[in-house]
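Residue-level structure breakdown
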Amino acid sequence: MSDIETILAAPRRGRNPAKVLKWCMRPAEESVMHKTRLLVRFGAVTFALLVILGSVVSNAVNHTIRDRTLQYYTQSVENMMVLMVNKLMTAEDFSGKPFTPEKAAILDSLLGDFTFLGAEQLTATLYNPDGVVIWATDPAVVGTKARLTPAQRKALAGTTSSRFTNTPDIKAKGGQVIQYTLAIPFDGKIVGVAQADTPDYVITVQTERDLKKIQLILGGGMFLFWVALFPIAMTVARALRRQAAENEHLAMHDQLTGLPNRNLLKDRLEQAVARSSRTGHQTGLLFVDLDRFKEVNDALGHQQGDILLGQIAARLADAVRDADSVARLGGDEFAVVVPDVTDPAVLVGLAERFTELLRVPFEINNITVNVDASIGVTIFPDHGTDADTLMQRADIAMYAAKEAGLDYTFYSAEHDSNSPVKLALAGELRRALDNDDELVMHFHPLVDVRTNVVTGVEALIRWNHPTRGFVLPDDFIPLAEQSGLIRPLTIKALDLSLAQCRTWSDAGLHLRVAVNLSARNLREADLPGRIADLLARHQVDPQDLELEITESALLSDPACANMLLHQLADIGVHLALDDFGTGYSSLSYLKNLPVNQLKIDRSFVNNMSNDATDAMIVRSVIELAHNLGLDVTAEGVETADQLSHLRNLSCDTIQGYHLTKPLAADLIPGWIAGYHHRNGVRELSQDARESFRSSQ
Ligand code: C2E
Ligand code: CA
Ligand code: CA
């Protein structure tokens with residue numbers, strides 16, 4: 001059963017209508033309810049706070065008013081007493097004798113006039129300094145002697161005081177008594193003490209009147225303030241909400257494309273998964289990775305690269321339903337969450353639509369750019385039941401698609417086997433390409449069988465990995481091909497090799513350098529242009545560059561390869577067919593290719609001494625090549641026996657461990673000198689070398 005069939009056969013989960021209904025509560029309604037609740041809470045809290053504040057203020061004001069009024073009354077009573085006493089009395093009146101009935105009558109009537117003090121309730125007593133009552137509103141106490149109270153003694157010393165105090169009868173009426181204790185000065189001397197008691201309602205009435213007025217103003221003001229708080233609070237809340245929304249947008253979106261970023265995508269995926277588990281639907285996740293974005297970016301510059309990403313984002317976003325979420329995960333990676341999938345065929349359709357849309361060339365400032373993409377697809381619940389697993393597996397599926405050269409693929413458990421290691425290695429290779437010292441070229445000499453002259457070297461890339469040590473090309477070239485890194489890798493190999501060729505040439509060592517191209521490179525229409533640029537930059541004669549293309553690479557897209565090979569030949573570079581004998585290319589096809597050289601695959605060379613068929617193949621290839629006017633190199637020569645055999649078969653060039661293993665660039669001149677010396681080759685002059693080459 002294929003992946004898709006498995007997906008189609010996946011059981012649906014049961015639905016629960018009640019849960020669906022609850023889930024379906026519209027976000028807008030929820031938001032209005034939430035706002036109303038917040039507003040009511042805000043109103044209640046601020047109202048309670050204002051009531052507390054109001055009562056504290058009014059209490060404080062009440063006390064202040066009461067104190068002030070008491071002060072005012074005390075002053076008034078004092079003035080009144082002093083006035084009265086000074087108008088009516090003589091010093092003798094304070095000697096201890098009671099007043100004459102006339103004086104007492106005048107005092108009584110005068111006191112009766114002080115109605116503003118609530119005088120009808122006023123009781124007053126005048127004491128001489130010895131405590132003898134010389135007059136009182138209560139005639140019964142006149143003439144008696146009392147013990148002076150502390151307040152009265154203070155008054156004799158000149159300090160007037162007043163206080164609220166309780167007397168049982170007034171307290172019964174719910175009030176208090178104000179007791180004024182006053183000094184009575186006469187001719188500059190204090191001659192007695194007056195004590196006047198009035199009920200406090202005079203003050204209470206006055207205080208309450210003032211307080212009511214103030215409470216009315218305060219309460220009204222506070223109410224208006226409370227009402228005004230609402231629009232203020234709402235404006236502030238709106239501004240805060242907007243700010244928060246902006247912040248959230250920034251945190252959740254990709255700045256360049258405006259699409260959701262990885263965080264938001266994960267969020268949406270989690271929501272969709274939660275919803276799918278309720279509804280029994282499925283959720284799809286597509287990881288889209290561009291195949292050659294870095295090259296476009298390098299070639300056109302970051303600004304144009306950004307424009308391209310923007311256009312890609314727009315195309316992807318246009319291709320999906322409103323309910324789907326397109327996100328940019330970073331770099332050239334995009335992802336799409338497709339919720340509520342009832343038929344996985346929808347995901348197939350979407351992956352195909354994306355592929356088609358991305359195949360339509362992009363126009364960036366009048367430059368046409370072609371991009372390819374690889375898409376990995378996972379489905380909830382078949383490939384994972386949580387967002388993390390689905391994302392991880394979509395990534396793995398995407399790499400698997402790249403690896404297999406497919407436009408898209410659904411996740412399958414087989415993809416998992418070595419993917420994490422590969423993923424990590426691909427990431428490190430990407431980084432190594434930007435580093436100067438991790439990727440280096442080693443060179444493997446090619447020797448002319450007849451003359452023993454070293455005619456050239458094959459450049460073989462080496463990855464000096466910081467932790468893994470030396471990684472051999474067989475372990476990372478396929479990965480580079482699968483992960484879109486082969487193009488920058490080839491450019492790097494060409495760049496380093498041509499730079500080395502220039503350096504040797506400047507030192508008087510002329511070698512043709514052979515660089516390997518990969519199958520994928522043959523689909524790069526601009527490769528001939530890039531190579532011509534590099535040759536010009538390093539001032540290397542095109543004749544001194546050989547490009548090795550494997551036979552199988554040619555056969556993967558013959559028409560495209562044919563065209564590219566002709567363009568490369570037009571530049572003037574040498575072309576060699578690598579690993580020849582493994583690809584079953586037809587003679588008629590070979591005849592029309594502009595190649596100069598065939599390299600017999602080392603498996604045949606290695607076995608030629610003990611396998612008659614392989615020996616036959618080597619012989620036939622050499623004859624075939626010569627008949628077509630091509631040179632033949634036998635690679636993988638490991639023994640002297642193989643060498644003599646090849647010499648007998650008139651092979652032109654050999655390469656192999658029998659001569660040496662590939663060497664670092666700085667070892668090459670010394671090795672060549674030693675080899676030439678051992679084999680009696682005189683160093684050829686430049687002219688001799690030229691004539692030697694043209695005779696080939
Ligand atoms: P290739 O193009 O066939 O390169 C020859 C490989 O055979 C080299 O392995 C070389 O070290 C090895 N070899 C040469 N003589 C002998 C011999 O006598 N015995 C044995 N056992 N091996 C011999 P290396 O360097 O590991 O490269 C492996 C492959 O990686 C190359 O095969 C080539 O396809 C690829 N490669 C290497 N460098 C590059 C590069 O810069 N670009 C590309 N696209 N591919 C490269
Ligand atoms: Ca090669
Ligand atoms: Ca080879």
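Attention here is on the structure that accompanies the text.

Scoring rules and cut-offs
- For every chain, the first residue of the written sequence is number 1, and numbering continues from 1 onward in sequence order.
- Going through the entries in the order they are written, you letter the chains from A and number the ligands from 1.
- Local features in this predicted model are restricted to residues whose pLDDT is 70 or higher, and side-chain atom pairs enter the listing and the counts only when it is 80 or higher, whereas totals over whole chains, interfaces and linings include all residues.
- The basis for every side-chain value is the complete set of non-hydrogen atoms in the structure, without hydrogens or water.
- For Na, K and Ca the donor cut-off is 3.2 Å, and for all other metals it is 2.8 Å, counting N, O and S atoms only; because water is absent from this set, sites may look incomplete.
- A run of DSSP states H or I qualifies as a helix once it reaches four residues; a run of E qualifies as a strand once it reaches two. Both are numbered from the N-terminal end.
- Classification of residues uses two cut-offs on accessible area relative to the type maximum, computed with a 1.4 Å probe and protein chains only: under 20% is buried, over 50% is exposed, and between them is partly exposed.
- Here an axis means a line fitted to C-alpha atoms, over the contact stretch when the element is a helix, while the angle between two N-to-C directions is reported on a 0 to 180 degree scale.
- Here is the rule for handedness: rotate from the far helix to the near one, and if that takes an anticlockwise turn smaller than a right angle the crossing is left-handed, while a clockwise turn gives right-handed.
- For this analysis, residues touch if any pair of their heavy atoms sits within 4.5 Å.
- The nonpolar class holds Ala, Val, Leu, Ile, Met, Phe, Trp, Tyr, Cys and Pro. Asp, Glu, Lys and Arg form the charged class, and all remaining residues, Gly among them, are polar.
- For two strands to be treated as a pair, DSSP must find no fewer than two bridges joining them.
- In this scheme, patches are assembled from residues that exceed 30% relative accessible area and form no salt bridge. Like charges are connected within 9 Å, while nonpolar side chains (Val, Leu, Ile, Met, Phe, Trp, Tyr) are connected within 5 Å.
- Each accessible area is a Shrake-Rupley result for a 1.4 Å probe, and residues are judged covered by the shown protein chains and nothing else.
- Criterion for a salt bridge: a side-chain nitrogen of Lys or Arg within 4 Å of a carboxyl oxygen of Asp or Glu.
- Charged residues are defined narrowly, with Lys and Arg counted positive, Asp and Glu counted negative, and His plus the chain ends left uncounted.
- For charged residues, the charge sits on one atom: NZ in Lys, CZ in Arg, CG in Asp, CD in Glu.
- The near set for a molecule or strand comprises every residue that places at least one heavy atom within 4 Å of it.
- Pairs of N or O atoms within 3.5 Å make up the polar contacts considered here, provided that, within protein, one atom can donate a hydrogen while the other can accept it, and that residues adjacent in sequence are counted only when both atoms are side-chain atoms.

Our next topic: the coordination of the calcium ion (ligand 2). The textbook angles at a metal center are 109.5 degrees for a tetrahedron of four donors and 90 or 180 degrees for an octahedron of six. Taken together, Glu-458 (OE), Asn-516 (OD1), Glu-548 (OE) and Asp-578 (OD) make up the full set of protein donors to the calcium ion (ligand 2), lying 2.1 to 2.3 Å away. All donors of the calcium ion (ligand 2) belong to a single chain; written as a sequence motif, their spacing is E-x57-N-x31-E-x29-D. Here the calcium ion (ligand 2) and the calcium ion (ligand 3) are spaced 3.9 Å apart, linked through Asp-578, which binds each one. Here the residue Glu-458 occupies a position in strand S14 (residues 454-465), and Glu-548 occupies one in strand S17 (residues 545-550), the gap between them amounting to 90 residues. In terms of burial, Glu-458 and Glu-548 fall into one category: buried.

Turning next to the packing of helix H10 (residues 302-318) against helix H11 (residues 345-359). Between H10 and H11, the least distance of the axes is 10 Å, while the angle of their chain directions is 145°. Crossing geometry of H10 relative to H11 is assigned as right-handed. Every residue of H11 that contacts H10 at Ile-312, Arg-315 and Leu-316 is listed here: Phe-354, Leu-357 and Leu-358. Split into classes, the residues belonging to the contact of H10 with H11 amount to five nonpolar, no polar and one charged.

Below, the discussion takes up the sheet that holds strand S3 (residues 161-165). Pairing is antiparallel in the open sheet, where five strands are placed in the order S2-S1-S5-S4-S3. Of all the strands in the sheet, just strand S2 (133-136) and S3 have a single pairing partner and so form its edges. Across the sheet, the mean angle separating the axes of adjacent strands is 20° when strand polarity is ignored. Pairing between strand S1 (residues 123-127) and strand S5 (residues 189-199): five bridges, direction antiparallel. By the bridge assignment for S5, Thr-125 is matched with Gln-195.

The next thing to look at is the sheet that holds strand S8 (residues 333-341). Taken together, five strands build an open sheet; the order of strands is S7-S8-S6-S11-S12 and the sheet is mixed. Edge positions in the open sheet fall to strand S7 (325-330) and strand S12 (408-410), since each of these has one partner strand only. Pairwise comparison of adjacent strand axes, ignoring direction, gives a mean angle of 20° for this sheet. By the bridge criterion, eight bridges tie strand S6 (residues 282-290) to strand S11 (residues 373-380) in an arrangement that is antiparallel. Residue pairing across strands places Phe-287 opposite Gly-376, the latter belonging to S11. Lying over the sheet, H10 contacts S6, S7 and S8, oriented at roughly 10° with respect to S8. Here helix H12 (residues 387-404) sits on the sheet and contacts S6, S8, S11 and S12; the angle it forms with S11, its principal contact strand, is near 145°.

Time to look at a negative patch on the surface. Side chains of Glu-248, Asp-267, Glu-270 and Asp-386 sit close together on the surface and give a patch of like negative charge. Within the fold, Glu-248 resides in helix H7 (residues 201-252). Since its relative accessible area comes to 54%, Glu-248 is described here as exposed.

Around ligand 1, a shell composed of 23 residues is seen, among which Arg-462, Asp-578, Arg-602, Glu-638 and Tyr-657 lie nearest. Between ligand 1 and Ile-461, the relevant distance is 3.0 Å, taken from a nitrogen atom to a main-chain nitrogen or oxygen of the residue. One of the side-chain nitrogen or oxygen atoms of Arg-602 is found 2.5 Å away from an oxygen atom of ligand 1. In isolation ligand 1 exposes 790 Å². Once the protein is present, 88% of that is buried. Of all elements in the fold, only strand S13 (439-448), S14, helix H14 (473-482) and strand S18 (574-580) reach the threshold of two or more residues within the shell around ligand 1. The biggest single contributor to the shell around ligand 1 is S14, with four residues. Classifying every residue of the shell around ligand 1 by side-chain character gives ten nonpolar, five polar and eight charged.

Those donors, Asp-578 (OD), Asp-579 (OD), Glu-635 (OE) and Glu-635 (OE), are the protein atoms that reach the calcium ion (ligand 3), and they lie 2.1 to 2.7 Å from it. All donors of the calcium ion (ligand 3) come from a single chain, and their spacing in sequence reads D-D-x55-E. A relative accessible area of 5% places Asp-578 in the buried class. In this structure Asp-579 comes out as partly exposed when scored by relative accessible area, which is 25%.

In this structure, Pro-381 follows Phe-380 across a cis peptide bond, with omega equal to 5°. For Pro-381, the position within the fold is in the loop between S11 and H12. We note that Asn-365 has phi near 45°; this positive angle belongs to a residue other than glycine. Mapped onto the fold, Asn-365 is located in the loop between strand S9 (362-364) and strand S10 (367-369). Using a relative accessible area of 53% as the deciding quantity, one classes Asn-365 as exposed. The phi torsion at Asn-366 lies on the positive side, around 70°, for a residue other than glycine.

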